[in-house]
Every structure is written in C-alpha cells, then in structure tokens.
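# Secondary and tertiary structure notes
Residue strings, one per chain:
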Amino acid sequence: MDKVTSERIQKLHPLVRDEVKQIIKECDEALTGRAKIRITQGLRSFEEQEKLYAIGRITSGKKVTNAKAGQSIHNYGLAIDICLMIDGKTASWDTVKDWDNDKIADWDECVKVFARHGWDWGGNWKTFKDLPHFEKKSISSKKGHIKISWRKLLKMPKDEQNYVIF
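This structure is a prediction, so every number in the text was calculated from the model and none was measured. (Residues numbered from 1 in each chain as written. Predicted model: local features only at pLDDT ≥ 70, side-chain atom pairs only at ≥ 80, totals over all residues. Heavy atoms only, no water.)

## Here we look at the pattern of salt bridges
Cut-off, in case you're wondering: For this analysis, a salt bridge means a side-chain nitrogen from Lys or Arg found within 4 Å of a carboxyl oxygen belonging to Asp or Glu. Each helix is a run of H or I in the DSSP string that is no shorter than four residues. Each strand is a run of E no shorter than two, and both are numbered from the N terminus.
For the coordinates displayed, the defined rule picks out nine salt bridges. For lysine 21, the salt bridge is made with aspartate 18, and the minimal N-O distance between the two is 3.9 Å. With lysine 21 and aspartate 18 both in helix 2 (residues 14–30) and three residues apart, this pair spans about one turn of that helix. When the shortest N-O distance is used, the salt bridge between glutamate 19 and lysine 136 registers 2.9 Å. Here glutamate 19, found in helix 2, pairs with lysine 136, found in strand 5 (residues 133–136); they are 117 residues apart in sequence, far enough to count as distant.

In structure tokens, the structure reads:
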C-alpha cells in the first residue's frame with residue numbers, strides 16, 4: 001500500500017479503516033502485475049463537495065457529481081475513489097486493461113474484492129455511472145446493522161472529530 005493511500009485511509013470513518021486496509025491488501029494481492037490500487041479520494045468536506053457540485057453548473061467543465069454537500073457518502077468518510085498505479089508512477093482508470101495477464105481485467109478483480117466486503121460500486125449504478133467510486137452499504141454497530149444512505153447520515157449525531165456516531 002502506498003503512502004498516499006495509507007494517509008487517505010486514516011481520514012476515513014474509524015469503523016471502516018481496517019476494512020479498507022484489508023480490501024486494498026486483497027486487491028494488491030490479486031493484481032500480480034504492474035498495477036496496484038491507490039485511493040484518489042476518501043473523506044470529502046461539505047465545502048469540497050459544494051465546489052465539485054458547482055462544476056458544470058456554476059463553474060466551467062463537465063459535471064462530476066450530482067451530490068450536493070451532505071448528499072455524498074464521501075462526506076461521511078464511508079466512500080472512496082480509486083485508480084490503478086502502474087509501476088508506481090502512472091495513474092490509470094482503464095477498466096479493461098489486464099496488467100497481470102491473468103485474463104481478468106485488473107479493475108474487475110478489485111470490483112470483486114470490494115463486493116465481497118459489501119461495498120457498492122458506482123459502475124453498477126443505473127444513471128451517472130461513477131467507475132472509480134466505492135461506498136459502504138451498511139455498518140454493523142452496537143445498535144445493530146444499519147443500512148447507509150446520505151439522508152440517514154445527514155441526521156445522525158457526530159462525535160468530536162465530526163464522524164457520524166453509529
């Protein structure tokens with residue numbers, strides 16, 4: 001796991017940090033060639049979310065999100081975006097390349113790892129597909145099993161570090 005990924009994991013919600021470390025480890029083990037996974041985005045502030053939402057609406061560019069501040073699972077540290085780092089130098093979002101020549105696209109290998117851990121892939125969404133995006137679908141806590149949605153998260157209490165309390 002590279003330093004950038006490790007730093008971004010430390011900013012995620014505490015309840016998913018160890019799980020994300022395990023997912024990255026499993027992805028990197030599955031990718032036996034030149035590609036390794038990197039987290040390009042994790043926790044995102046409401047302010048950062050508003051700036052992204054403005055792209056293609058208020059500022060120039062192609063729309064990158066339909067989520068306003070508070071409507072993205074990133075805002076709660078429960079979502080990540082990834083890329084593949086080739087030879088530790090070049091970022092790739094190529095979803096069909098098979099860098100390790102095992103007849104399975106490296107991206108697909110990672111999608112399967114995330115799915116085994118109960119994470120939703122933005123590539124499965126019916127509209128506004130977000131191929132680099134993965135988000136936690138539910139959390140197990142002392143209060144039981146909680147299905148995650150931004151509407152629920154927005155209303156939940158937060159701790160001193162501003163993480164939702166489950």
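## What to know about the packing of aromatic side chains
Worth spelling out the cut-off: Within 6.5 Å between ring centres, the rings of Phe, Tyr and Trp (the latter by its six-membered ring) count as paired, and their orientation is classed by plane angle as stacked under 30 degrees, edge-to-face over 60, tilted in between. A ring is scored as having a charge over it whenever the NZ atom of a lysine or the CZ atom of an arginine sits within 6 Å of its centre and within 35 degrees of its normal.
A full pass over the atoms with the stated rule returns four aromatic pairs. Joined through ring pairs, the aromatic side chains of Phe114, Trp119, Trp121 and Phe134 make up one cluster. A cation sits over an aromatic face here: arginine 57 above tyrosine 53, 3.8 Å from the ring centre. Above the face of the tryptophan 99 ring, lysine 97 is positioned so that its terminal group lies 4.9 Å from the ring centre.

## Some thoughts on the state of the cysteines
The condition that has to hold: The disulfide definition used here is simple: a pair of cysteine sulfur atoms within 2.5 Å. Relative accessibility under 20% of the residue-type maximum defines a buried residue, over 50% an exposed one, and the middle range a partly exposed one, all with a 1.4 Å probe and only protein chains included.
A complete count under the given rule lists zero disulfides for this structure. Here cysteine 27 stays free of any disulfide, with the sulfur of cysteine 110 as its closest cysteine sulfur at 3.5 Å. In this structure cysteine 83 is not part of a disulfide, and its nearest cysteine sulfur, from cysteine 110, lies 10 Å away. For cysteine 83, a relative accessible area of 1% gives the class buried.

## Description of the nonpolar core
Basically, it comes down to this: By convention a nonpolar core is built from buried Ala, Val, Leu, Ile, Met, Phe, Trp, Tyr and Cys residues, the set being connected through side-chain atoms within 4.5 Å.
Among the nonpolar cores identified, the biggest contains 35 residues, and Val20, Leu78, Phe114 and Leu153 are the most heavily contacted of them. Those elements that provide at least two residues to this core are helix 2, strand 1 (35–41), strand 2 (79–86), helix 4 (106–116) and strand 4 (119–121).

## Focus on helix 3 (residues 46–54)
The α-helix advances 3.6 residues per turn, and as a result positions three or four apart in sequence lie on the same side. The line we're drawing: Each direction from the helix axis to a C-beta atom contributes to the arc, which is the arc of those directions.
Restricting attention to buried positions, one finds in helix 3 the residues Gln49, Tyr53 and Ala54. In an axial view of helix 3, the angular spread of the buried residues amounts to 140 degrees, which keeps them on one side of the axis. Turned more than 90 degrees from where helix 3 packs its buried face, Glu47 and Lys51 sit exposed. Looking one or two residues past helix 3, glycine 56 carries a phi angle of roughly 85 degrees, positive in sign.

## Comments concerning the pairing of strand 6 (residues 138–141)
Every regular strand shows the same layout, with side chains that alternate between the two sheet faces. Worth spelling out the cut-off: Any two strands are treated as partners once DSSP identifies two or more bridges connecting them.
Pairing analysis gives four bridges linking strand 6 to strand 7 (residues 144–147), with the strands arranged antiparallel. In the strand pairing of strand 7, isoleucine 139 is matched with isoleucine 146. Between the antiparallel neighbours strand 6 and strand 7 lie two residues.

## Topic: the packing of helix 2 against helix 4
Each packed pair of helices is defined by two parameters, the angle between the axes and the distance between the axes. The condition that has to hold: Interaxial angles span 0 to 180 degrees and are taken between N-to-C directions of axes, which are lines fitted to C-alpha atoms, for helices over the stretch in contact. The handedness criterion is simple: a crossing whose near helix is rotated anticlockwise from the far helix by less than a right angle is left-handed, and one whose near helix is rotated clockwise is right-handed. Should any heavy atoms of two residues lie within 4.5 Å, those residues are considered in contact. For this classification, the nonpolar set comprises Ala, Val, Leu, Ile, Met, Phe, Trp, Tyr, Cys and Pro, the charged set comprises Asp, Glu, Lys and Arg, and every other residue, Gly included, is treated as polar.
As a packed pair, helix 2 and helix 4 sit with axes 9 Å apart at the nearest point and diverge in direction by 145 degrees. Crossing geometry of helix 2 relative to helix 4 is assigned as right-handed. Here Ile23, Glu26, Cys27 and Ala30 of helix 2 come into contact with helix 4, specifically with Glu109, Cys110, Val113, Phe114 and Arg116. The residue inventory of the contact of helix 2 with helix 4, partitioned by class, reads six nonpolar, no polar and three charged.

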